[in-house]
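Close look at the chain arrangement
Below are the chains, spelled out letter by letter.
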Amino acid sequence: MRLYNTLTRQREDFAPADGTTVRMYACGLTVYARGHIGNFRTFISLDVLRRTLKYVAGFQVKQVVNFTDVDDKTIAGAQREGLPLAEYTERYIAAFHEDCATLGLEPSEENPRATDPGNIQAMGDMVAALEQKGHTYRSDGSIYFKIASMPTYGRLARLDHEGMQAGAGARVDADEYEKEDARDFVLWKATKPGEPTWDPGIGPGRPGWHIECSAMALRLLGEAPIDLHAGGIDLVFPHHENEIAQSECATGKTFARMWVHFEHLLVENQKMSKSLGNFFTIPDVIGKGYRASTLRYLLLSAHYRSRLNFTWSGMAQAEEAIRRWTDFLARLDAVTGSASHPEVAERVATARQGFDTAMADDLNTSAALGEVFELVRALNSQIDAGTVGQGDVAGIRAAFAHFDDVIGVVSLRAKEDASGGLSEADVERYITDRQEARRRRDFAAADRIRQELLALGVILEDGPHGTRWKRK
RNA sequence: GGUGCGGUGGCGAAGAGGCGAACGCGACGGUCUGCAAAGCCGUUAUUCGAGGGUUCGAGUCCCUCCCGCACCUCCA
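What comes next concerns the included structure.

Cut-offs applied
- Residues numbered from 1 in each chain as written.
- Chains lettered and ligands numbered in written order.
- Predicted model: local features only at pLDDT ≥ 70, side-chain atom pairs only at ≥ 80, totals over all residues.
- Heavy atoms only, no water.
- Helix = DSSP H or I, 4+ residues; strand = E, 2+ residues; numbered from the N terminus.
- Buried < 20%, exposed > 50% of the residue type's maximum accessible area, 1.4 Å probe, protein only.
- Contact = heavy atoms within 4.5 Å.
- Areas by Shrake-Rupley, 256 points an atom, 1.4 Å probe, with all protein chains shown as cover.
- Core = buried A, V, L, I, M, F, W, Y, C linked by side-chain atoms within 4.5 Å.
- Pairing = 2+ DSSP bridges.
- Axes fitted to C-alpha atoms, helices over the stretch in contact; angles between N-to-C directions.
- Phe/Tyr/Trp six-rings, centres within 6.5 Å; stacked < 30°, edge-to-face > 60°.

1. Let's talk about the overall build of chain A
Across its full length, chain A holds 16 helices and 14 strands. For the C-alpha atoms alone, the extent of chain A along its principal axes is close to 90 × 50 × 40 Å. When the 472 residues of chain A are sorted by exposure, 51% land in the buried category. For chain A, long-range pairs separated by at least 24 residues make up 77% of all intrachain contacts whose partners lie at least 6 apart in sequence. When the accessible area of chain A is evaluated, it comes to approximately 21200 Å², of which 50% is carbon and sulfur surface.

If you want it as structure tokens, here you go:
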């Protein structure tokens, strides 16, 4: 298994330190709004990473994805609506879980919230450790991390301090005057009256953004270094850089062995923003009549380190691609003859090998899907030629099940089909009526029934062995 | 000012030194069909932003240039 490590800017071999279980942490949402499709590109990529580690590389996974449920935005939002913070954030946490299920994401082993008492305590302990080692200072009730105390600061983001100061000078932090150095960041933030406050033994305050991830990762995954830390590309700096600073200065050990970052999603070639009207949530996409499985396919079909441009035409293309896959699987039902063919098994094994190799090579989903579709064409062709028998079908299905263990689109689609719409018995009744009409050569009536079913979301295909149907 | 990414057919997207540039969508022709649909076959990039260079050989390495974009303490 190879992955691109942001720390070294190279693809590296990856395996968990203990050889069996990957202990991984990914930064989740700040829960002040429902996540948008850009957020979910990250979580879908993470899901593909997770599934590849499990089903291709054969590791076990312990994955932690947090919720940032206390920060300026969540506090402001809760105040605006006159709700307790936890009640306010709970809505978006529930929405996140709902959207994850809709997109077929495997649940994480842990979804900690920053405000859980155990996590607050872990943050307090880490801050205390940093204070003891001389990496901090206090100012106006807040505790800051002193960047000058860490010579290797900036390694992940490859910061150039000289250049950074020259150009970024125009954007100094609003509360810079409280800091000794503009680059220092807050570990534990002084609270204003009315803001939620904790005191885990370091004085009253609330978590700085970065400390929560360091503390929760090490609390829930155990000793540093953890195997893998992931997140959106925009988190490289400052968030992950600062996580490294805190964790490594506090523990004296490497924080994470592998850093994986997912590129952003663009919408119609632009950054998503509410003012441009290109800001979509999962329910928005479904409300426009698209399936979640289609969105999942589209968002995972490009490489995770490339920017991906979301368009509605892309959704339509993704829909057709999935259909090619599912149509093929449906075709297997009609295979007759009990023979099995060694050359079929061999072809399937080659594709499976190619798929796994592509996924293990830094999650090359495009190449992996290429293998799938090449196999689809080869087998369709064999079916046409009558050189696929029942004896081959189980092996073929097993391979496609394996592909979908990682891709996760076909199983999701099946779940979508099972909920709502015409019942199978109803469809069969229509088909029987239409067969009658066709037997009478009353093609007008037959076409009318086909149209009716189409309007109900069912597509018919007449073949030599009868009529097949599928849902739109 | 600094750091970094990308420009591959009508659209999306792999490929990162080696003979005919995957795969998906679309289009056209053929086959099949009562008509469709699906499938299959064929056609659709003498060429990979432009120009130089290295090499027996370059989308793939080097240089210059042109475009587009991200990040530099809100951000998946």
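2. Regarding the nonpolar core
By size, the foremost hydrophobic cluster in this structure holds 128 residues, and its most contacted members are Ile 37, Leu 49, Leu 228, Trp 325 and Phe 400. Tallying contributions element by element places helix H1 (residues 37-56) first for this core, with 9 residues. In contact with Leu 228, not counting residues within four places along its chain, are Leu 3, Phe 14, Val 22, Arg 23, Met 24, Tyr 25, Leu 49, Met 258 and Val 260. Counting residues in each nonpolar core, the second largest holds 7 residues, with Leu 422, Ile 431, Val 458 and Leu 460 among its members.

3. Considering the sheet that holds strand S7 (residues 185-189)
Pairing within the open sheet is antiparallel, and its 4 strands lie in the order S5-S6-S7-S8. The sheet is open, and its two borders are formed by strand S5 (136-139) and strand S8 (206-207), each paired with just one other strand. Pairing of S5 with strand S6 (residues 142-145), which is carried by 4 bridges, proceeds in the antiparallel orientation. Note on S6: the bridge partner recorded for Tyr 137 is Tyr 144.

4. What about the sheet that holds strand S10 (residues 256-262)?
Sheet architecture is open: 4 strands sit in the order S4-S3-S9-S10, paired in parallel fashion. Sheet topology places strand S4 (60-65) and S10 at the edges, where each strand pairs with a single neighbour. Adjacent strand axes in the sheet meet at a mean angle of 25 degrees when their direction is disregarded. Strand direction decides the pairing type here: strand S9 (residues 226-232) and S10, joined by 6 bridges, are parallel. Residue pairing across strands places Ile 226 opposite Ala 256, the latter belonging to S10. Against the sheet, H1 touches strand S3 (21-26), S4, S9 and S10, its axis set at about 160 degrees to S4. This element, helix H6 (residues 209-221), spans S3, S4 and S9 of the sheet and lies at about 160 degrees to S3.

5. A word on the packing of aromatic side chains
Taken as a whole, this structure holds 18 aromatic pairs when the rule is applied. Ring geometry for Trp 325 versus Phe 400: centroids 6.2 Å apart, planes at 75 degrees, classification edge-to-face. With Trp 325 in helix H10 (residues 312-332) and Phe 400 in helix H13 (residues 390-407), the pair connects residues that are 75 residues apart, well separated along the chain. What makes Trp 325 buried here is its relative accessible area of 2%.

6. Comments concerning the pairing of S7
Strand residues, when the strand is regular, have side chains that alternate between the two faces of the sheet. When you tally the buried positions in S7, you get 4 out of 5 residues, the bulk of the element. Sheet topology note: the S6/S7 ladder contains 3 bridges and is antiparallel. Residue Ile 143 lies in a different strand from S7, and its bridge partner there is Trp 188. With 2 bridges joining them, S7 and S8 adopt antiparallel strand pairing. By the bridge assignment for S8, Lys 189 is matched with Arg 206.

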